[in-house]
Amino acid sequence: MKLFTVGPVESYPCTREVYRKDIPYFRTAEYSSLVESCMRRLGGYIGLEEGGRLLYFAASGTGAMEATVDNLLSPEEDNALVINGGSFGARFCQLLQHHEIPHSAVTLGVGEALRESHLLPFAGRGYTALLVNLHETSTGQLYDIEMLSRFCRENNLLLIVDAISTFMVDPYDMQRYGIDVTIFSSQKGLCLSAGMSFVALSARALAHRRGRCRCSYFNFGDYLTNMERWQTPYTPAVAIMHELDAMLTYIEEQGGLESWLEGIRKRCQYFRKQAEAAGLAVCRDYPLSNMLTPLLTGSVDAHQLFLRLSREYDFYVNPCGGALAHSMLRISHAGNLTNADADALIAAIKTLTR
Ligand SMILES: *Cc1c(COP(=O)(O)O)cnc(C)c1O
């Protein structure tokens, strides 16, 4: 089996190795120091400022998205703006609606790139926060963080970024772009098992924390207190923390974050070049993340192609939903994949679409 999926991704031997040993109990000084070490390294990778804090939850990425909305925003004092360019943007809208936070959305059509002109009508209108899935994984569009950051600075908005499918894949830096909140999870760019998610909070985000937090499990206050001794209020995904430690160590051994990102960028460029040389159509309607390549399947039914790749080759790619269900596949470049894997996938697609 090969996973060309966005998450979980094809795993690395270093994380599988974790499960060959006993996973120790966690209310111990040893586990606390493991958490401290992982959090300090991750905080560095994400560009978290000195006064910022990093929390983690036993929940998939959506749990961290909901926790952020519930803890940071209040129905009385906030009015949020959401970039809705696909199913993850729609998820932010749904969460805001559920928590009764007033909001508006910049809704993009199929294949439509986000531009400054989409934002300008919302300038100077009293919005308090911008929520964006920086890489809208459902279409592959990577939004322009400099443009969004400028808009937030000029209009004094809290910048809340779901970086789930861009952190550890594309360059990312909270301080450089004035990002107040970063949400990410274990199963995408970090290449770990699914089940752990993270919220990084800038000092400004910590001060803004004025949500009613109707949910007890995700109350940031409890996590902030517990994290002072590198513990969590409830049982964490202990095994995934050990995977994280192994993965961060592996990345360091491979030359650190910069060369890690360069490796993914090269794999991504190789795939796109070979795919286009083989006559496949890469969607170029908008800027793309290095995480994935959206392939347009033309007259071939994309969903049937997805099924045949899994049944006949044991290759898993991501199908699309909604309007793109029959015309686009998404191929991930994150995880333990090589150029030879890309060649094999392209050959399989060519055979099935001949
Ligand atoms: C994967 C993903 C999520 C989280 O999905 P979960 O299934 O809850 O982990 C959120 N946002 C984006 C942009 C994603 O790619």
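On a predicted model such as this, the values are computed, not experimentally measured, just so you know. (Residues numbered from 1 in each chain as written. Predicted model: local features only at pLDDT ≥ 70, side-chain atom pairs only at ≥ 80, totals over all residues. Heavy atoms only, no water.)

Caption draft 1: Molecular detail of the overall build of the protein. Check the secondary structure of the protein and you find 12 helices and 15 strands. Taking the principal axes of its C-alpha atoms as reference, the protein extends roughly 60 × 55 × 30 Å. Within the protein, contacts between residues at least 6 apart in sequence are counted, and of these 73% link residues at least 24 apart. Summed over all atoms, the accessible surface of the protein reaches about 14,600 Å², with 49% contributed by carbon and sulfur. Charge centroids of the protein, computed over 32 positive and 38 negative side chains, lie 4 Å from each other. (Helix = DSSP H or I, 4+ residues; strand = E, 2+ residues; numbered from the N terminus. Contact = heavy atoms within 4.5 Å. Areas by Shrake-Rupley, 256 points an atom, 1.4 Å probe, with all protein chains shown as cover. Lys, Arg positive; Asp, Glu negative; His and termini not counted. Charge placed at Lys NZ, Arg CZ, Asp CG, Glu CD.)

Caption draft 2: Quick peek at the pattern of salt bridges. Going through the model one piece at a time under the given rule, you end up with 13 salt bridges. We note a salt bridge from glutamate 17 to arginine 20, for which the minimum N-O separation is 3.3 Å. By relative accessible area, which is 38% here, glutamate 17 ends up partly exposed. Judged by relative accessible area, which is 67%, arginine 20 ranks as exposed. In this structure, the salt-bridge partner of arginine 41 is glutamate 252, at a minimum N-O distance of 3.5 Å. One end of the pair, arginine 41, is in helix α2 (residues 29–46); the other, glutamate 252, is in helix α9 (residues 238–253), with 211 residues separating them in the sequence. Relative accessible area serves as the criterion here: at 37%, glutamate 252 is assigned to the partly exposed category. Each of Arg41, Asp245 and Glu252 takes part in salt bridges that share partners, so that together they form one network. (Salt bridge = Lys/Arg side-chain N within 4 Å of Asp/Glu carboxyl O. Buried < 20%, exposed > 50% of the residue type's maximum accessible area, 1.4 Å probe, protein only.)

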